[in-house]
Amino acid sequence: MPKILSVRSEKSIRQLRLTFPVPDIQADYRDKPLSFIGHLLGHEGKGSLLSGLKEAGLAESLSAGVGLRYQGGATFQLDIGLTEAGLDQVELVVDQVFKAIGFLLQRLNNDVDAMEKLYQEQSQLAKMAFYFFEKPDPIAAVVGASSGLHFYLPEDVIAGDYLLMDFKPDLIRQRLNRLNTNNALISIVSDQLPRR
């Protein structure tokens, strides 16, 4: 790392993905710092990263969160659906992503109370999502629960995906610090890339 990977696709697509390897998140499942960061970076409202990219005509969509989870580590990824102008200005889009990450880190350092309030709001939304989720088929529920035992303590298997228990600014700061230019795999996928 860092690496840039360009992939010419067969189907019509313009996608930018930033992937960051992070240490094992197994012990973080009750607090989910990466999910919280993903929520903040993936927010679509006014003043968000996506709204800025849309206003500049560079992106159409954005999602952020935990990518792969594996024993000993995980990845955090941002997927951005680019416009044609965004594909031509990928460096600018990447620069805006790192500015947004830097802004979150600065805000965490300067206004912990505001960040804790955002975390508590996200925690309440997660609780509501858990209490009102559509009941799965019993067999699917058993398969999901048995799979969850690989990641959660038995008492947390049912609600493990929804837990956001404690705001831990130091842990969030550690995770944000991993989202840097020296720890990034930047993938550009499009049918409009030149053939090599």
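As shown above, the structure is provided for reference.
From a predicted model like this one, the values you see are computed outputs, not experimental measurements.

**Q** When you look at the sheet that holds strand β5 (residues 185–190) in this model, what are you seeing that I'm missing?
**A** Strand pairing in a sheet takes place through backbone hydrogen bonds and is either antiparallel or parallel in direction. The five strands lie next to each other as β1-β5-β2-β4-β3, forming an open sheet whose pairing is mixed. Sheet topology places β1 (3–8) and β3 (59–70) at the edges, where each strand pairs with a single neighbour. In this sheet, neighbouring strand axes are inclined to one another by 15° on average, regardless of whether the strands run parallel or antiparallel. Two strands pair when backbone bridges link them, and β3 and strand β4 (residues 73–82) are joined in this way by nine bridges, in the antiparallel orientation. In the sheet register, Tyr70 faces β4, and the bridge partner there is Gly73. Relative to β3, helix α1 (residues 33–42) is tilted by about 170°, and along the sheet it contacts β2 (14–23), β3 and β4.

**Q** Sorry, what's going on with unusual backbone geometry here?
**A** Negative phi is the rule for most residues except glycine; trans is the rule for most peptide bonds. Even without a glycine there, the phi angle at Lys32 is positive, about 45°. Tracing the chain through its elements places Lys32 in the loop between β2 and α1.

**Q** Hey, could you run me through helix α5 (residues 112–131) in this one?
**A** Residues lying three or four places apart along an α-helix face the same way, a consequence of the helix completing one turn every 3.6 residues. Its 20 residues place the ends of α5 29 Å apart at the C-alpha level, agreeing with the 28 Å of an ideal helix rising 1.5 Å per residue. Here α5 has its buried residues at Ala114, Met115, Tyr119, Gln122, Ser123, Ala126 and Phe130. Buried residues along α5 sit against α1 and α4 (90–110).

Cut-off values and rules
- Residues numbered from 1 in each chain as written.
- Predicted model: local features only at pLDDT ≥ 70, side-chain atom pairs only at ≥ 80, totals over all residues.
- Heavy atoms only, no water.
- Pairing = 2+ DSSP bridges.
- Helix = DSSP H or I, 4+ residues; strand = E, 2+ residues; numbered from the N terminus.
- Axes fitted to C-alpha atoms, helices over the stretch in contact; angles between N-to-C directions.
- Contact = heavy atoms within 4.5 Å.
- Expected span 1.5 Å × (residues − 1).
- Buried < 20%, exposed > 50% of the residue type's maximum accessible area, 1.4 Å probe, protein only.

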